Amino acid sequence: SITTGKDSHVELSFADQSIVRLGSYTTMSFDPKTREINLQRGIALVYVPDHRGGAEIITSMATAMIHHDVIAVRYTGKDGFAGSSRAKQDSGIRDG
């Protein structure tokens, strides 16, 4: 699991040219076998180039934005909408 603190950011670059950027106060874990990103808090920007298998972002509550090959997800916590959400980069957002 990766956690960032106040005024900190991290960028993860993968061999297939995929990139994950995390903002301040973010906690996430990543499973390379399933390409699942589990966002426990904070904000993540995920880029996966075409034909690389996509990525799945799992979080209990989130606000998400998808633009071409990039998805931005912000964990909204207790004040967000009810239910769980999964954002799958190659097919939009679906309820989980």
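Located above this text is the structure these notes cover.
Quick notes on the rules
Each chain has its residues counted from 1, following the order in which its sequence is written. The model is predicted, so local features are restricted to residues of pLDDT at least 70 and side-chain atom pairs to those at 80 or more, both for listing and for counting; the totals for chains, interfaces and linings are taken over all residues. Calculated side-chain values reflect all of the structure's heavy atoms, with hydrogen atoms and water omitted. Secondary structure elements are defined from DSSP: runs of H or I of at least 4 residues count as helices, runs of E of at least 2 residues count as strands, and each element is numbered from the N terminus. Think of it this way: a Phe, Tyr or Trp ring, Trp meaning its six-membered ring, pairs with another when their centres are within 6.5 Å, and the plane angle makes it stacked under 30 degrees, edge-to-face over 60, tilted otherwise. Per-residue accessibility, obtained with a 1.4 Å probe over protein chains only, is compared with the maximum for each type, and a residue is labelled buried under 20%, exposed over 50%, and partly exposed between these values. The working definition used for a salt bridge is a side-chain nitrogen of Lys or Arg within 4 Å of a carboxyl oxygen of Asp or Glu.

1. Let's talk about the environment of H67
In this fold, H67 is placed in strand β8 (residues 62-67). Sequence spacing of H67 and Y47 is 20 residues, and the spatial spacing of their C-alpha atoms is 9.8 Å.

2. Structural notes on the packing of aromatic side chains
Within this structure, the stated rule accounts for 1 aromatic pair. Look at F14 and F30: their rings are 5.1 Å apart centre to centre, the planes differ by 40°, and that puts the pair in the tilted class. Of this pair, F14 sits in the loop between β2 (10-13) and β3 (19-22) while F30 sits in strand β4 (residues 27-31), and the two are 16 residues apart along the sequence. Overall, F30 belongs to the partly exposed group, its relative accessible area being 30%.

3. Digging into the pattern of salt bridges
Under the counting rule described, the total for this entry stands at 2 salt bridges. The shortest N-O distance in the salt bridge between E11 and R21 comes to 2.5 Å. Within this pair, whereas E11 is found in strand β2, its partner R21 is found in strand β3, the two being separated by 10 residues in sequence. Take E11: its relative accessible area is 42%, and that puts it in the partly exposed class. A salt bridge links R35 to D16; the nearest nitrogen and oxygen atoms lie 3.0 Å apart. Separated by 19 residues along the polypeptide, R35 in the loop between β4 and β5 (36-41) and D16 in the loop between β2 and β3 bring together distant segments of the chain.

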